[in-house]
Amino acid sequence: MAIDTGFPCSLTINVPFPDARLASVALRALRVDKELSPLVHRDLSTVAADNAKTDDDATVLRVEYKATTNRMLRVAVNSFMDSLSLVLEVMEEMDVDILECRKKEQIPS
């Protein structure tokens, strides 16, 4: 991320996921909430892990922040972390149900 004189404070957060599907789900869920302050810019994307064999395996959610002050950056990141925590909790609950359904489908009657 290049230094922007209007937004000198920056932070990049990489959140690894077990697979590309979960990273994509998190991206779509978190992208809905736009930054409320014009003093903060956020860019969300999925990228391949450093040890990935192909670029198609985008298992890392990358969040890049730029802000006018450290305080604005902190407030924005704190809010994002709350949202990320909620998304991860929901994924954990929902994926358990999906895995249980798949196990039931695989058991011969």
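Bear in mind the structure is a predicted one, so any value in this text is a computation, not a measurement. (Residues numbered from 1 in each chain as written. Predicted model: local features only at pLDDT ≥ 70, side-chain atom pairs only at ≥ 80, totals over all residues. Heavy atoms only, no water.)

Student: Go over the sheet that holds strand 3 (residues 60-67), please, and point to the residues and values.
Tutor: Strand order in the open sheet made by the 3 strands is 1-3-2, with antiparallel pairing throughout. Taken across any chain shown, the strands that pair with only one partner, and hence form the sheet edges, are strand 1 (9-16) and strand 2 (40-47). In this sheet, adjacent strand axes meet at a mean angle of 15 degrees when their direction is disregarded. Taken together, the 8 bridges between strand 1 and strand 3 define a ladder with antiparallel strand orientation. Residue pairing across strands places Val 15 opposite Leu 61, the latter belonging to strand 3. In the packing of helix 1 (residues 20-31) onto the sheet, contacts are made with strand 2 and strand 3, and the angle to strand 2 comes to roughly 160 degrees. (Pairing = 2+ DSSP bridges. Helix = DSSP H or I, 4+ residues; strand = E, 2+ residues; numbered from the N terminus. Axes fitted to C-alpha atoms, helices over the stretch in contact; angles between N-to-C directions. Contact = heavy atoms within 4.5 Å.)

Student: Describe the layout of surface pockets, listing the residues and the values that go with them.
Tutor: Looking at the largest pocket, its volume works out to about 230 Å³. Within the residue set of the lining of the largest pocket, elements represented by two or more residues are strand 2 and helix 2 (70-106). Residue contributions to the lining of the largest pocket peak at 6 residues, all from helix 2. Residues of the lining of the largest pocket, tallied by class, amount to 8 nonpolar, 3 polar and 4 charged. (1 Å grid on protein atoms, 1.4 Å probe; cavity = no way out; pocket = protein on both sides within 12 Å on 5 of 7 lines; lining within 4 Å. Points joined across faces, edges and corners; volume = space filled by probe spheres on them. Nonpolar A, V, L, I, M, F, W, Y, C, P; charged D, E, K, R; others polar.)

Student: I'd like a rundown of a nonpolar patch on the surface, residues and numbers included.
Tutor: Taken together, the side chains of Leu 86, Val 90 and Met 94 define a hydrophobic patch exposed on the protein surface, amounting to about 280 Å² of accessible area. Within the secondary structure, Leu 86 sits in helix 2. (Patch = residues over 30% accessible without salt bridge, like charges linked within 9 Å, V, L, I, M, F, W, Y side chains within 5 Å. Areas by Shrake-Rupley, 256 points an atom, 1.4 Å probe, with all protein chains shown as cover. Salt bridge = Lys/Arg side-chain N within 4 Å of Asp/Glu carboxyl O.)

Student: Account for the side chain of Ser 37, with residues named and values stated.
Tutor: Tracing the backbone shows Ser 37 in the loop between helix 1 and strand 2. Within the local environment of Ser 37, its side chain forms a polar contact with the backbone nitrogen of Leu 39, the two atoms lying 3.0 Å apart. (Polar contact = N/O pair within 3.5 Å; in protein donor to acceptor, adjacent residues only side chain to side chain.)

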